[in-house]
Amino acid sequence: MRNFPTRLTEGYRSFLSGRFPSERKRYKNLAEKGQHPEILVIGCCDSRVSPEVIFDAGPGELFVVRNVANLVPPYEPDSESYHGTSAAIEFAVEGLEVKHIVVLGHASCGGIASFYDRAQPLTAGNFIGKWMSQIATTADQLGTLPDDRTHALRKLELAVIEHSLKNLLTFPSIRTRVEAGTLKLHGTYFGVATGLLFLRDAESGGFLPVLEDEAIAALQQQADD
């Protein structure tokens, strides 16, 4: 026990004395009746981009799968590879019958930066490089990227959200539900430094602020200063 991170022990202690008592009935109900979230969030494993924190979600409200760069691989049932993300999608759609799938991309994504920079493998296995190689075609379709690295990365980060949304539609169970109107797909982009969340407009393909009230305007002003 002494090697277990103190931060986690103290965090759990705080949970037991604070949040858990106030939500005890909810946890008990979830344990007895199971989970029934209506939203699947596919996000990045980046520690700065927690869907539960961003959307202020309680237990049982979101079904979340996270991987490097919030990527959805194409539907490949005959592949011999392991399919962690596809398995989570399958369960969310077929088992939980979620009504919404949200792809949550974000600024300053390390996985996308490693692809852009052609970073050297961290290990002989080069798991990150192999994983990120699936966006090569998407990157090629963008053509020449801006010379400014920040702008180039932003363009690639947004394109990867599009990439994942398109790959979701390669899953027959998802396409059928989307066409029937019982399942909706959403692309979102989170600004780590600003806290601003942008939503992809299905018609234009552009990303617009989810909220436009005074608080968001104030945040935008801070970002511009």
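Just so it is clear, the structure is predicted and the values come from calculations on it, not from any experiment.

### Quick word on a nonpolar patch on the surface
Together, Leu199, Val210 and Leu211 make up a nonpolar patch on the protein surface, roughly 240 Å² of accessible area in all. Structurally, the position occupied by valine 210 is in the loop between β6 (207–209) and α11 (214–224). In this structure valine 210 comes out as partly exposed when scored by relative accessible area, which is 41%.

### Observations concerning the packing of aromatic side chains
Enumeration over the complete set of coordinates arrives at six aromatic pairs. Ring centres of phenylalanine 15 and tyrosine 27 lie 5.9 Å apart, and the angle between their planes is 85 degrees; this geometry places the pair in the edge-to-face category. With phenylalanine 15 in helix α1 (residues 6–17) and tyrosine 27 in helix α3 (residues 24–33), this residue pair connects regions lying twelve residues apart in the sequence. Given a relative accessible area of 27%, tyrosine 27 falls into the partly exposed group.

### Brief notes about the UniProt feature "binding site: Zn(2+)" (unreviewed entry) in the chain
Using the residue numbers shown here, the UniProt feature "binding site: Zn(2+)" (unreviewed entry) corresponds to Cys44, Asp46, His106 and Cys109. Across 66 residues of sequence, these annotated residues stay compact in space, with a maximum C-alpha separation of 9.1 Å. In this structure, histidine 106 sits in strand β3 (residues 100–106). With respect to the helices, strands and loops of the structure, cysteine 109 is situated in the loop between β3 and α6 (110–117). Accessibility expressed as a relative area gives 2% for cysteine 109, which makes it buried.

### Things to note about the pairing of strand β1 (residues 39–44)
Counting buried positions along β1 gives five out of six residues, so the element sits mostly inside the fold. The sheet contact formed by β1 and strand β2 (residues 62–67) spans six bridges and is parallel. Each bridged residue has a counterpart across the sheet, and for isoleucine 42 the counterpart in β2 is valine 65.

Thresholds, definitions, all that
- Along each chain, numbering runs from 1 in the same order as the chain's sequence is written.
- Only residues with pLDDT of at least 70 get local features here, since the model is predicted, and only at 80 or more are side-chain atom pairs given and counted; chain-wide, interface and lining totals rely on the full set of residues.
- Only hydrogens and water are set aside; all other atoms, that is, all heavy atoms of the structure, feed into the side-chain values.
- Each patch groups residues whose relative accessible area exceeds 30% and which form no salt bridge, using 9 Å between like charges and 5 Å between nonpolar side chains of Val, Leu, Ile, Met, Phe, Trp and Tyr.
- All accessibility values rest on the Shrake-Rupley procedure with a 1.4 Å probe; residue burial counts only the protein chains present in the view.
- Note on definitions: salt bridges are taken to be side-chain nitrogens of Lys or Arg within 4 Å of carboxyl oxygens of Asp or Glu.
- Each helix is a run of H or I in the DSSP string that is no shorter than four residues. Each strand is a run of E no shorter than two, and both are numbered from the N terminus.
- Only protein chains enter the accessibility calculation, which uses a 1.4 Å probe; a residue whose area is less than 20% of its type maximum is buried, one above 50% is exposed, and one in between is partly exposed.
- Pairing of aromatic rings covers Phe, Tyr and Trp, the last through its six-membered ring, and needs centres within 6.5 Å; plane angles under 30 degrees mean stacked, over 60 mean edge-to-face, and all others mean tilted.
- UniProt positions are given in the numbering used here, feature names are shortened, and annotations may be inferred rather than shown by experiment.
- Two strands make a pair as long as DSSP finds a minimum of two bridges between them.

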